[in-house]
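# Commentary on secondary and tertiary structure
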Amino acid sequence: MGTDDTASEDGTAQGCCINFKVANLSRCNLACASLYCANLERADLSGSVLDGRCANLPGVKMLRSNAEGASLKGCNSEDPSGLKANLEGANMKGVAMEGSQMTGINLRVATLRNTKLKNCSLRGTTLAGTDLENCDLSGCDLQEANLRGSDVKGAISEEMLTPLHMSQSVR
């Protein structure tokens, strides 16, 4: 698949909208991959590795993708220009996402059951209707996050910057 690569201000190459829609990327090693604006809609990322501070996910579209058991430790989903990743309806059961920057992304109605979100920045994130059952949310920043209708049964919420009971409408 070809892309028109451009260099960002820091000299790193950024792919222009790689299309992996409905692709089978299960058990792939994509650590430190720049997936800037990539279309991963309905893609199978189960068991894949997308670790590293250099794993760039700003603007990525993962609507209804399957990332069950994947590792996204230390990923960056933030973009200074305000471009947000969209993971609406994604299956992310048991995903390791410790220390990831996910400010303002859309995780509406996603399945994050048994996911490790320890020390993640979820500030302003849309988590409405999300399954957060048995998630480790310890150390997370949930300021201004929308948790309306989310299932937080059994979630670990120690040392959070904004405790669940102070976040927006948790049921």
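Residues numbered from 1 in each chain as written. Predicted model: local features only at pLDDT ≥ 70, side-chain atom pairs only at ≥ 80, totals over all residues. Heavy atoms only, no water.

## Brief notes about the overall build of the protein
A tally of regular secondary structure across the protein gives 0 helices and 2 strands. Across the 171 residues that make up the protein, the buried fraction comes to 48%. Here the contacts in the protein between residues at least 6 apart in sequence split such that 16% fall between residues at least 24 apart. Here the protein displays about 8,200 Å² of accessible surface, and carbon together with sulfur accounts for 46% of that area. (Helix = DSSP H or I, 4+ residues; strand = E, 2+ residues; numbered from the N terminus. Buried < 20%, exposed > 50% of the residue type's maximum accessible area, 1.4 Å probe, protein only. Contact = heavy atoms within 4.5 Å. Areas by Shrake-Rupley, 256 points an atom, 1.4 Å probe, with all protein chains shown as cover.)

## Examining the nonpolar core
Among the nonpolar cores identified, the biggest contains 42 residues, and Leu40, Leu72, Met92 and Leu117 are the most heavily contacted of them. In contact with leucine 40, not counting residues within four places along its chain, are Phe20, Leu25, Leu35, Leu45, Val60, Lys61, Met62 and Ser65. (Core = buried A, V, L, I, M, F, W, Y, C linked by side-chain atoms within 4.5 Å.)

## Thoughts on the environment of lysine 153
Along the polypeptide, lysine 153 turns up in the segment after strand S2 (13–14). For the pair formed by lysine 153 and glutamate 133, sequence separation is 20 residues and the distance between their alpha carbons is 4.9 Å.

## Considering the side chain of glutamate 41
When you line up the elements, glutamate 41 lands in the segment after S2. Residue glutamate 41 is classed as buried on the basis of its relative accessible area, which comes to 15%. Side chain to side chain, glutamate 41 and arginine 42 meet in a polar contact 3.4 Å long. Leave out the neighbours within four places in its chain, and glutamate 41 touches Lys21, Val22, Lys61, Met62, Leu63 and Arg64. (Polar contact = N/O pair within 3.5 Å; in protein donor to acceptor, adjacent residues only side chain to side chain.)

## Examining the side chain of serine 100
With respect to the secondary-structure elements, serine 100 resides in the segment after S2. With relative accessibility at 0%, the residue serine 100 sits in the buried group. Among the polar contacts made by the side chain of serine 100, one reaches the main-chain amide nitrogen of glycine 74 at a distance of 3.4 Å. Those residues within four positions of serine 100 in sequence are excluded, and the remaining contacts are Leu72, Lys73, Gly74, Cys75, Cys120 and Ser121.

## Points about the pattern of salt bridges
This structure, assessed with the given rule, holds 6 salt bridges. With a closest N to O distance of 3.4 Å, glutamate 41 and arginine 42 form a salt bridge. Since its relative accessible area comes to 40%, arginine 42 is described here as partly exposed. We note a salt bridge from aspartate 131 to arginine 113, for which the minimum N-O separation is 2.8 Å. Of this pair, aspartate 131 sits in the segment after S2 while arginine 113 sits in the segment after S2, and the two are 18 residues apart along the sequence. Salt bridges here are not isolated pairs; linked through shared partners, they connect Glu41, Arg42 and Arg64. (Salt bridge = Lys/Arg side-chain N within 4 Å of Asp/Glu carboxyl O.)

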